[in-house]
Every structure is written in structure tokens, then in C-alpha cells.
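In case you want the letters, here they are:
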Amino acid sequence: MYKNIKLITSKVLLSLTLFSSNSYADNIDLVKDSIMRFDKSITVGQAFDNWEKCKDKKWTEFETNNKKQIVEFTCKINKMDCTVQWLINLDDTAEVIYAKVTENKNGRILERRMTPLQIFRAIYANK
């Protein structure tokens, strides 16, 4: 009987671990494989990974204090930093929640006056 309890317990723990663990690469891939409504000809990953002006590209993921999963893309464009964040929804969809281009000028952070859609259009146009 002890052997059966041990076997059942180990199976339950394994299934809980597999079910509850989110692999960072899976959420990043979810975002990279998604398609934006304004341009359905390429994926988000194709647009961002092939953006020529953007250097030091980096995809990361983090979890907020209230357990929301966020995927973040960052890169450098000359003296400016570009940051875009997506919220991973429970239905395995992603939505843009933050997009900014900032410049560090003599210790002061200046935001470029661009909307997230303008930023995305520039990325998709590879400008």
C-alpha cells in the first residue's frame, strides 16, 4: 500500500509541475509567432528580429507581483532605447501593453512623441 501511495503522490506532483510551470521560451514564442492586425504579412518576431536600425535586441519575460506574465523586447537605436511589452493572457493570446522610445540626454530621460502604433509601423517598415 505504501508503494501505491508513493507512486500516486509522485504522479500528482509531476503533473502539477508540468501544468503550472510556464517556460519563458513558450511565452516569447507565443508573442513572436503572433500577427498584428495592421500587417498580417509577417509575424511579430520576423518584424522585430529583422529590424535593421535596432541593435542589441533582447527578448525577456518576467512575472509581476500579481502573477501576470509579461514578455518584453528591448533594443538600442542610436542613443535611444526602445521597449515594447506584451501581456500574456490566460487564453494564450498576447496584447501590447507598453511601447516607448526614450533617449538619455545628459542624464535626463526624454520620451519620443510617438504612439505605440507609430513605433510598430516603423518596425514593420524596417525604418
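The coordinates are above.
Read on for a plain summary of the structure. (Residues numbered from 1 in each chain as written. Predicted model: local features only at pLDDT ≥ 70, side-chain atom pairs only at ≥ 80, totals over all residues. Heavy atoms only, no water.)

Take the overall build of the protein chain next. Looking only at helices and strands, the protein chain features 4 helices and 5 strands. Helices and strands in the protein chain line up, N terminus first, as α-α-α-β-β-β-β-β-α. Looking at the protein chain residue by residue over its 127 residues, the buried ones come to 28%. Looking at the protein chain alone, contacts between residues at least 24 apart form 34% of all its contacts between residues at least 6 apart. Element-wise, carbon and sulfur atoms account for 53% of the exposed surface of the protein chain, whose accessible area totals about 9300 Å². (Helix = DSSP H or I, 4+ residues; strand = E, 2+ residues; numbered from the N terminus. Buried < 20%, exposed > 50% of the residue type's maximum accessible area, 1.4 Å probe, protein only. Contact = heavy atoms within 4.5 Å. Areas by Shrake-Rupley, 256 points an atom, 1.4 Å probe, with all protein chains shown as cover.)

An order of E1-E2-E3-E4-E5 is seen for the 5 strands of this open sheet, with the pairing classed as antiparallel. Taken across any chain shown, the strands that pair with only one partner, and hence form the sheet edges, are strand E1 (55-63) and strand E5 (108-111). On average, adjacent strands in this sheet sit at an angle of 25 degrees to one another, irrespective of strand direction. (Pairing = 2+ DSSP bridges. Axes fitted to C-alpha atoms, helices over the stretch in contact; angles between N-to-C directions.)

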